[in-house]
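Single-letter residue listing:
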Amino acid sequence: MPPVERFVCRFAAEPPQEGLPHGAWAQTLQAEFLAACLRVDADAEEVGEAREIQWFPDRSWNGRTYVPATAGTTTGGELFGYVSFVPGEHEPEEFEASADFTDETADRNPDWLIDISEEVIGTWRGEGGRSAEMTLVWGIPLIGNARVATAELAGLAVDQCATIQDRFTLIAPDNYRSDYLDVKLWDADGRELASESLYVEDDEEE
């Protein structure tokens, strides 16, 4: 094959290795995630209390495994973040957790086709001093028949994940050479069902 014109890391993360957390393992992750939720820099009355945690497929990159999570709150908002760890030789170690809060939820946005959360977890250095933000993306399809989620950068697929109980997790380079990730959903026959960009222009935010 000839040299590629666009040089960027693709499919850098390991695919999910385990099912969604349950039992004692879910309790361990829950303790880490809820501790991170207590550190969220927001008014406690605005955040409220966390409801049931939804876990997402695990993905591993750069020596760490990431398990994203979301939890609705008693105020109608949502806590979102992840628990990460080093797999270790015998058991997981070096746990870290991150959490944040939003009042922009799928329930308040009935036009959404995908409910997406994301967080930058590292950097990938490319050509000419350019760098990409390695971004953890997790979400829930809000339409039926979604079987695979992909991340595309300037039309190039850079990661994909089969949905597990209508949830997916991606790790992909974002904000590279002025290009931003698009998250797309596909059905079992490879037909595109929905597309959502991680980039929102200022006028769209307003």
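To start, this report covers the structure provided alongside it.

Conventions and cut-offs
Residues numbered from 1 in each chain as written. Predicted model: local features only at pLDDT ≥ 70, side-chain atom pairs only at ≥ 80, totals over all residues. Heavy atoms only, no water. Phe/Tyr/Trp six-rings, centres within 6.5 Å; stacked < 30°, edge-to-face > 60°. Helix = DSSP H or I, 4+ residues; strand = E, 2+ residues; numbered from the N terminus. Buried < 20%, exposed > 50% of the residue type's maximum accessible area, 1.4 Å probe, protein only. Expected span 1.5 Å × (residues − 1). Arc of directions from axis to C-beta. Contact = heavy atoms within 4.5 Å.

### Focus: the packing of aromatic side chains
Phase 1 of the analysis: What the rule picks out here adds up to nine aromatic pairs.
Phase 2 of the analysis: Residues Phe-7 and Trp-124 carry aromatic rings whose centres are separated by 6.1 Å and whose planes lie at 45 degrees to one another, so their mutual orientation is tilted. Linking Phe-7 in the segment before α1 (23-38) with Trp-124 in strand β6 (residues 114-125), this pair joins segments that are 117 residues apart in sequence.
Phase 3 of the analysis: Note on Phe-7: relative accessible area 45%, which makes it partly exposed.
Phase 4 of the analysis: In this structure Trp-124 comes out as buried when scored by relative accessible area, which is 19%.
Phase 5 of the analysis: Ring geometry for Phe-80 versus Trp-138: centroids 6.4 Å apart, planes at 45 degrees, classification tilted. Taken as a pair, Phe-80 in strand β4 (residues 78-86) and Trp-138 in strand β7 (residues 131-141) lie far apart in primary sequence, 58 residues in all.
Phase 6 of the analysis: Connected via pairs of aromatic rings, a cluster forms that spans Phe-7, Trp-124 and Tyr-176.

### Remarks on α1
Phase 1 of the analysis: When the terminal C-alpha atoms of α1 are compared, their 23 Å separation across 16 residues agrees well with the 22 Å that a helix rising 1.5 Å per residue should span.
Phase 2 of the analysis: Among the residues of α1, those classed as buried are Ala-26, Leu-29, Phe-33, Ala-36 and Cys-37. Down the axis of α1, the sector holding all buried residues measures 100 degrees, keeping them to one side. Residues Ala-24, Gln-27 and Leu-38 are exposed on α1 and point more than 90 degrees away from its buried face.
Phase 3 of the analysis: In this structure, the buried residues of α1 make contact with β1 (50-55), β3 (64-73), β4 and β5 (93-102).

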